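Architecture at a glance
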Amino acid sequence: MKDIILITGATRGIGRAIAELFLNKGFTVAGIYKESDSLANELVEKFENFVPVKADVSKKEEVERAVSLIYGKFGKIDCLINNAGISEARLLQDETEESYERIFSTNMKGAFLVTKSVLPGMINKKKGKIINISSMWGITGGAMEVLYSASKAALIGFTKALAKEVALSGITVNAVAPGVIKTDMLNSLSEDILSELKEETPLNRLGKPEDIAGVCYFLYSDSADFITGQVVSADGGMVI
Ligand code: NAP
């Protein structure tokens, strides 16, 4: 059986591009999403080996149900891509306990819960690849996105520590730090801000979700078997 790939946030943006790349290569992809039933159905209609799983990654019971459903169906998960995430832009003074909970419970707790549920199966097989989608803001910090940046920096710490913990179990853990990628996440930004961000990018364009999908595929592939605990930037040169 070909490898089973679990991707969180597979319905839109970066997660969808990662899902489509693996699906087009003939892998079976289980895609967790929170709300977008119609987009999940679109993928089901397009790809017979796409398995949609509706679950909120910030909720332990939903994650455990989702992961046991996938293990029940396929008996294994070979690669986990923790991609589901949200961003909210405001001054730190305007953040609240509720916004803190929302941002951290999706971006960090979500990755923790899904990874914790998936790991025992990988450890049993002594094989697995885990890829966490962080952000360039997790490396360099973004004004107006202090909590988002902190959650993405936490995910980098999580990646490095877990890489050391599970290395002898044959599992690699890496992170990808995208720059500005044109997805729904950028919908709140004006055309002027988007063109400023493009100009600030040395490669002089915004990223496409496919730019990140390719990096994930590389980190999954045998070519990356000796790479673990790393943060791979794909940001057009924004952070050098
Ligand atoms: P997006 O277009 O907004 O898509 C987000 C995806 O995550 C959707 O599939 C959504 O599902 C899912 N999701 C959100 N909260 C969830 C939850 N609690 N449980 C399950 N699924 C959930 O975002 P994107 O731009 O592709 O971003 C993907 C990842 O890349 C995020 O971690 C983001 O922080 C990171 N990133 C993005 C950029 C960028 O410029 N776009 C840059 C750096 C890093 P529904 O469709 O059901 O809502």
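What this report covers is the structure whose coordinates are included nearby.

Cut-offs and rules
- Residues numbered from 1 in each chain as written.
- Predicted model: local features only at pLDDT ≥ 70, side-chain atom pairs only at ≥ 80, totals over all residues.
- Heavy atoms only, no water.
- Phe/Tyr/Trp six-rings, centres within 6.5 Å; stacked < 30°, edge-to-face > 60°.
- Helix = DSSP H or I, 4+ residues; strand = E, 2+ residues; numbered from the N terminus.
- Buried < 20%, exposed > 50% of the residue type's maximum accessible area, 1.4 Å probe, protein only.
- Pairing = 2+ DSSP bridges.
- Axes fitted to C-alpha atoms, helices over the stretch in contact; angles between N-to-C directions.
- Contact = heavy atoms within 4.5 Å.
- Near = heavy atom within 4 Å.
- Polar contact = N/O pair within 3.5 Å; in protein donor to acceptor, adjacent residues only side chain to side chain.
- Areas by Shrake-Rupley, 256 points an atom, 1.4 Å probe, with all protein chains shown as cover.
- Nonpolar A, V, L, I, M, F, W, Y, C, P; charged D, E, K, R; others polar.
- Salt bridge = Lys/Arg side-chain N within 4 Å of Asp/Glu carboxyl O.
- 1 Å grid on protein atoms, 1.4 Å probe; cavity = no way out; pocket = protein on both sides within 12 Å on 5 of 7 lines; lining within 4 Å.
- Points joined across faces, edges and corners; volume = space filled by probe spheres on them.

Moving on, we get to the packing of aromatic side chains. Within this structure, the stated rule accounts for seven aromatic pairs. The interplanar angle of 85° and the centroid separation of 5.4 Å between the aromatic rings of Phe27 and Tyr220 together place this pair among those described as edge-to-face. Here Phe27 is found in the loop between α1 (13-24) and β2 (28-33), whereas its partner Tyr220 is found in helix α8 (residues 209-220), with 193 residues between them in sequence. In this structure, Phe27 and Tyr220 share a single accessibility class: buried. Note on Tyr100 and Phe104: the rings are 4.5 Å apart at their centroids and 15° apart in plane angle, and the pair reads as stacked.

Once that is clear, we can look at the sheet that holds strand β1 (residues 4-8). Neighbouring strands of a sheet are bound in pairs by backbone hydrogen bonds; such pairs are parallel or else antiparallel. Read across the sheet, seven strands follow the order β3-β2-β1-β4-β5-β6-β7 without closing on themselves; strand pairing throughout is parallel. One side of each edge strand has no neighbouring strand; the edge strands of this open sheet are β3 (50-54) and β7 (231-234). Across the sheet, the axes of successive neighbouring strands diverge by a mean angle of 20°, strand direction being ignored. Of the pairings in the sheet, the one linking β2 to β3 comprises five bridges and is parallel in character. Paired with Ala30 across the strands is Val51, a residue of β3. Against the sheet, helix α3 (residues 60-74) makes contact with β1, β2 and β3, and its axis sits at roughly 155° relative to β3, the strand it touches most.

Locating Asn204 in the fold gives a position in the loop between α7 (191-200) and α8. Judged by its relative accessible area of 43%, Asn204 falls in the partly exposed class. Between the alpha carbons of Asn204 and Val118 there is a distance of 39 Å; along the sequence they are 86 residues apart. Apart from the residues within four sequence positions on either side, Asn204 is in contact with Lys198 and Glu199.

Taken together, 30 residues lie near the ligand, and Thr11, Glu35, Ser36, Tyr148 and Thr183 sit nearest. Within the contact set of the ligand, a nitrogen atom lies 3.0 Å away from a backbone nitrogen or oxygen of Val57. A distance of 2.6 Å separates an oxygen atom of the ligand from a polar side-chain atom of Tyr148. In the complex, the protein chains occlude 95% of the 900 Å² of accessible area that the ligand would expose alone. Sorting the residues of the shell around the ligand by element identifies α1 and α6 (146-166) as the ones contributing at least two each. Classifying every residue of the shell around the ligand gives 13 nonpolar, 11 polar and six charged.

Moving on to the pattern of salt bridges. Inspection of the entire model under this criterion finds 15 salt bridges. Salt-bridge contacts for Arg102 lead to Glu88; the nearest nitrogen and oxygen are separated by 2.8 Å. With Arg102 in helix α4 (residues 97-125) and Glu88 in the loop between β4 (79-82) and α4, this residue pair connects regions lying 14 residues apart in the sequence. Since its relative accessible area comes to 37%, Arg102 is described here as partly exposed. Sharing partners across several salt bridges, the network here consists of Asp3, Lys76, Asp78 and Lys125.

A few words now on the layout of surface pockets. Roughly 1,300 Å³ of volume is contained in the largest pocket. Contributing to the lining of the largest pocket are 47 residues, with Gly85, Ile86, Ser87, Tyr148 and Met185 lying nearest its centre. Elements that contribute at least two residues to the lining of the largest pocket include exactly α1, β2, α4, α6 and α7. Considering only residue class, the lining of the largest pocket consists of 21 nonpolar, 17 polar and nine charged. The set of elements that each furnish at least two residues to the lining of the second largest pocket consists of β5 (128-133), β6 (171-178) and α8. Here the lining of the second largest pocket is composed, by residue class, of eight nonpolar, five polar and seven charged.

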